[in-house]
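# Topology and contacts: notes
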Amino acid sequence: MVGVVLVAHSAGLAEETAALARGIAGETVPVTAAGGTEDGGLGTSVDLVERAMRAADQGDGLVLIADLGSSVLTARLVEEPGRVVLADVPFVEGAIAAAVAASADLPLEAVLEAAEEARGFRKLT
Amino acid sequence: MMNAASDDAMGTGADDAMGAGADGPMGSGADGPMGAETVAGGGGGLDTAFFVAWLEEAAGEIARQRDRLTELDAAIGDADHGTNLDRGFSEVLRALRETPPASPAQALMAAGATLIRRVGGASGPLYGSAFRQMGKALDSGEAPGTAVTPAAFAEAFGAGVVAVERLGKAAAGDKTMIDALAPAARALAQTVRDGLGTGEALARAARAAADGARATVPMTARRGRASYLGERSVGHEDPGAASSALIVAALTTAASRTAAG
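Anyway, here's the lowdown on the structure attached to this text.

Definitions and cut-offs
- Residues numbered from 1 in each chain as written.
- Chains lettered and ligands numbered in written order.
- Predicted model: local features only at pLDDT ≥ 70, side-chain atom pairs only at ≥ 80, totals over all residues.
- Heavy atoms only, no water.
- Salt bridge = Lys/Arg side-chain N within 4 Å of Asp/Glu carboxyl O.
- Helix = DSSP H or I, 4+ residues; strand = E, 2+ residues; numbered from the N terminus.
- Expected span 1.5 Å × (residues − 1).
- Buried < 20%, exposed > 50% of the residue type's maximum accessible area, 1.4 Å probe, protein only.
- Phe/Tyr/Trp six-rings, centres within 6.5 Å; stacked < 30°, edge-to-face > 60°.
- Axes fitted to C-alpha atoms, helices over the stretch in contact; angles between N-to-C directions.
- Parallel < 35°, antiparallel > 145°, perpendicular 65-115°, else oblique.
- Contact = heavy atoms within 4.5 Å.
- Nonpolar A, V, L, I, M, F, W, Y, C, P; charged D, E, K, R; others polar.
- 1 Å grid on protein atoms, 1.4 Å probe; cavity = no way out; pocket = protein on both sides within 12 Å on 5 of 7 lines; lining within 4 Å.
- Points joined across faces, edges and corners; volume = space filled by probe spheres on them.
- Patch = residues over 30% accessible without salt bridge, like charges linked within 9 Å, V, L, I, M, F, W, Y side chains within 5 Å.
- Areas by Shrake-Rupley, 256 points an atom, 1.4 Å probe, with all protein chains shown as cover.
- Core = buried A, V, L, I, M, F, W, Y, C linked by side-chain atoms within 4.5 Å.

## As for the pattern of salt bridges
Scanning the entire structure with this criterion turns up 20 salt bridges over all chains. The salt bridge involving B:Arg214 is made with B:Asp211; its shortest N-O contact spans 2.7 Å. Taken together, the residues B:Arg214 and B:Asp211, both in helix α8 (residues 198-214) and three residues apart, mark about one turn of the helix. Within this structure, A:Glu38, A:Asp47, A:Glu50, A:Arg51, B:Arg117 and B:Arg118 form a network of salt bridges that share partners.

## Side note on helix α4 (residues 91-103) of chain A
Residues and elements named next belong to chain A. If you check α4, its first and last C-alpha atoms are 18 Å apart, about what 13 residues at 1.5 Å a residue would give, namely 18 Å. Among all positions of α4, only Phe 91, Gly 94, Ala 95, Ala 97, Ala 98, Ala 99, Ala 101 and Ala 102 are buried. Directly beyond the C-terminal end of α4, a positive phi value near 60 degrees is found at Asp 105.

## Re the packing of aromatic side chains
Residue and element names in this part refer to chain B. This structure, assessed with the given rule, holds seven aromatic pairs over all chains. Between Phe 50 and Phe 51, the aromatic rings sit 5.1 Å apart at their centres with planes inclined by 80 degrees, giving edge-to-face as the arrangement. You'll find Phe 50 and Phe 51 in the same group, each marked buried. A network of ring pairs unites the aromatic residues Phe 50, Phe 51, Trp 54, Phe 89, Phe 131, Phe 153 and Phe 157 as a single cluster.

## Comments concerning the packing of helix α2 (residues 46-56) of chain A against helix α4 (residues 104-118) of chain B
Contact geometry of α2(A) with α4(B) gives a least axis separation of 7 Å together with a crossing angle of 75 degrees. Here α2(A) lies roughly perpendicular to α4(B), going by the angle between them. When α2(A) is examined against α4(B), the residues A:Val46, A:Asp47 and A:Glu50 are found in contact with a partner set consisting of B:Ile116, B:Arg117 and B:Arg118. Residues of the contact of α2(A) with α4(B), tallied by class, amount to two nonpolar, no polar and four charged.

## Focus: empty space enclosed by the protein
Residues and elements named next belong to chain B. Within the structure shown, the criterion is met by two cavities of 30 Å³ or more. Roughly 90 Å³ of volume is contained in the largest cavity. What lines the largest cavity is simply Trp 54, Tyr 127, Ala 130, Phe 131, Met 134, Phe 157, Gly 160, Val 161, Leu 181, Ile 247 and Val 248. Every element with two or more residues in the lining of the largest cavity is listed here: α5 (123-138), α6 (150-168) and α9 (239-260). Take the lining of the largest cavity: its biggest share by element is four residues, from α5. Taken together, the residues of the lining of the largest cavity break down into 10 nonpolar, one polar and no charged.

## Regarding a nonpolar patch on the surface
Residues and elements named next belong to chain A. On the surface, a nonpolar cluster with roughly 300 Å² of combined accessible area is contributed by Leu 20, Ile 24, Val 92 and Val 100. Listed by contribution, the elements that provide at least two residues to the nonpolar patch are α1 (11-25) and α4. Tracing the backbone through its elements, the reader meets Ile 24 in helix α1.

## Let's talk about the nonpolar core
With 65 residues, the main nonpolar core has B:Phe51, B:Trp54, B:Phe89, B:Phe131, B:Phe153 and B:Phe157 as its most contacted residues. Top contributing element to this core by residue count: α9(B), with 10 residues. With residues near it in sequence (within four places) discarded, B:Trp54 still touches B:Leu108, B:Phe131, B:Met134, B:Phe153, B:Ile247, B:Ala250, B:Leu251 and B:Ala254. Among the nonpolar cores identified, the runner-up in size contains 28 residues, and A:Ala8, A:Ala87, A:Val89 and A:Ala98 belong to it.

Right, here's the structure in full:
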């Protein structure tokens, strides 16, 4: 199953979004969180991102979802074409779309595509 | 922070528009005396001690100006630039002490890897990528201790700036560190083409970076947190451009220090 790694500026944002995505997609989906810095502050830690990547990695690839700023830059640094890919999508919407697609055992490209489709979701129309 | 890259509406496609001095007709390592001597202003080689001195001088200046950088960041960013960079460069010095680099490339790559891991804000991946790319560009597999020519350094510096542009999706005029770094890269490349000495080359790069940082004051931010402020970002110097100017200026103090030592 494709893993979903959530990279955010705060640990709370990343962890609660992961819990929400698992709640909607199913607990079998490997959704992991890398939020904030190692000392618990706001920001991004490559070490935490790499740890979350290892925890979500079942060998079928990883989709990274980042909130903004340094999270995006850090996620771009750990991308590996064809294996670890970054979705260009809002954080919550992308996390849920990717997790649901992963739960259907779709391949990496399809999970990435599902996540990026969430970029165009409208809520009022 | 300056220069975040969270949206795709701006900057894409502009990555390669600036050249950043990396594409000039400079043969890497083809000219200038190579050897163990340190920089002396006559086109001599830049050795490992020079690059360690550069990182030390940059770390010292960032520590001294930490509060000013944070104040600049408080005006249009999230008020952590000085603190983040000071922590990152302190870790760079520690890494260099623990594992003394055997070549210019090793010194720069170690600095880059440390900044990526230890800064926590957008400046970590950006400066980290710049130093790492500079190191890679100088990593010719030559014998440890071999000095690099000013031409090779100018080319590597330009490659580092391009790495920042690509990662941050920023271009000239976006009110980011690029506005200080790109003019410095162009100045370095020009001094090599003009055959000027190393000391003069580094001094011109420092001036270009300082002028570039000051030129961000009237700009409207187009990247990062400051971009949400729109016109209200006008009138403030970009903290990333300001720290970039300090780092480039440290080249000249490192040169005079290693030449004197």
